[in-house]
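Report on the structure
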Amino acid sequence: VVGRIFNQQLAVRRHTSVFFPLATETNTCWLRLMTSWHGGESLDHLLECKTGQLVFENFLRTEYSEENLLFWLASEDYKKITSESEMKAVAKRIYAEFVEVDAPRQINIDCVTRGEISKNLSQPGPNCFDRAQRLIYGLMENDCYPRFLKSDIYQALLEQQ
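The residue numbering used here restarts from 1 in each chain and proceeds along that chain's sequence as written. Where totals are concerned, whole chains, interfaces and linings use all residues; where local detail is concerned, this predicted model gives features only for residues with pLDDT of at least 70, and gives and counts side-chain atom pairs only at 80 or more. Based on all heavy atoms of the structure, the side-chain values leave hydrogens and waters out of the count.

Looking at the overall build of the protein
Looking only at helices and strands, the protein has nine helices and zero strands in total. Only DSSP runs of H or I covering at least 4 residues are called helices, and only runs of E covering at least 2 are called strands; the numbering of each starts at the N terminus. Beginning at the N terminus, the succession of helices and strands in the protein can be written as α-α-α-α-α-α-α-α-α. Residues classed as buried in the protein amount to 47% of the 161 residues present. Taking the intrachain contacts of the protein between residues at least 6 apart in sequence as the baseline, contacts between residues at least 24 apart amount to 65%. Of the roughly 8500 Å² that the protein leaves accessible, carbon and sulfur atoms contribute 53%. Three exposure classes are used, based on accessible area relative to the maximum for each residue type with a 1.4 Å probe and protein chains only: buried under 20%, partly exposed in between, and exposed over 50%. Any two residues having at least one pair of non-hydrogen atoms within 4.5 Å are treated as being in contact. Computed by Shrake-Rupley with a 1.4 Å probe, the accessible areas treat only the displayed protein chains as cover when residues are assessed.

This is the structure in structure tokens:
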């Protein structure tokens, strides 16, 4: 089931062209998050709701780096899997999509981390992608997120508020 959801999410994200989200996701969530984003509080607040994820993904797409967020989200979903067989299948899909050299959405991680994940694929556990996920989160937090806060996309959202 999670594998199917993972594939559906990737398919939707590949074809989503939403630039500005509709404020249908509880207005409280949206307004609170916009306020916390505006203060630059943290990337965590932005990632709390689907709207934040979509807005940030659209920004990352303009910088040709949406693979970072997509990998991070896939890793979060992966941690929720309880079935060993499904964990193994989804781990291989995440690896093929994001981790292996020349993957369609290859993330920028060091060779030691890439090798560690590769070794763990035969017996993947819930923490299989944790090291890479921390690296990618750090990259988003320290590089992408500050640029997002200065972006035209974010500024236009603030004006809509």
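Structure shown, so let's carry the discussion forward.
Structural notes on the packing of helix 4 (residues 50-62) against helix 8 (residues 130-150)
In this analysis an axis means a line fitted to C-alpha atoms, helices contributing only their contacting stretch, and an angle means the value between N-to-C directions, from 0 to 180 degrees. Close contact between helix 4 and helix 8 brings their axes to 10 Å; oriented N to C, the two are set at 90°. On the basis of their axis angle, the class for helix 4 and helix 8 is roughly perpendicular. Here Val55, Phe56, Phe59 and Leu60 of helix 4 come into contact with helix 8, specifically with Met140, Cys144, Tyr145, Arg147 and Phe148. Polar here means any residue outside two lists: the nonpolar Ala, Val, Leu, Ile, Met, Phe, Trp, Tyr, Cys and Pro, and the charged Asp, Glu, Lys and Arg; Gly therefore counts as polar. Split by residue class, the contact of helix 4 with helix 8 holds eight nonpolar, no polar and one charged. Orientation is classified from the angle alone, with under 35 degrees giving roughly parallel, over 145 giving roughly antiparallel, 65 to 115 giving roughly perpendicular, and any other angle giving oblique.

A word on the environment of Pro124
Here Pro124 is to be found in the loop between helix 7 (111-120) and helix 8. Judged by relative accessible area, Pro124 falls into the buried class, the value being 13%. Expressed as a C-alpha distance, the spacing of Pro124 and Val90, which sit 34 residues apart in the sequence, is 9.6 Å. Beyond its immediate chain neighbours, meaning those up to four positions away, Pro124 contacts Tyr78, Met87, Lys88 and Ala91.

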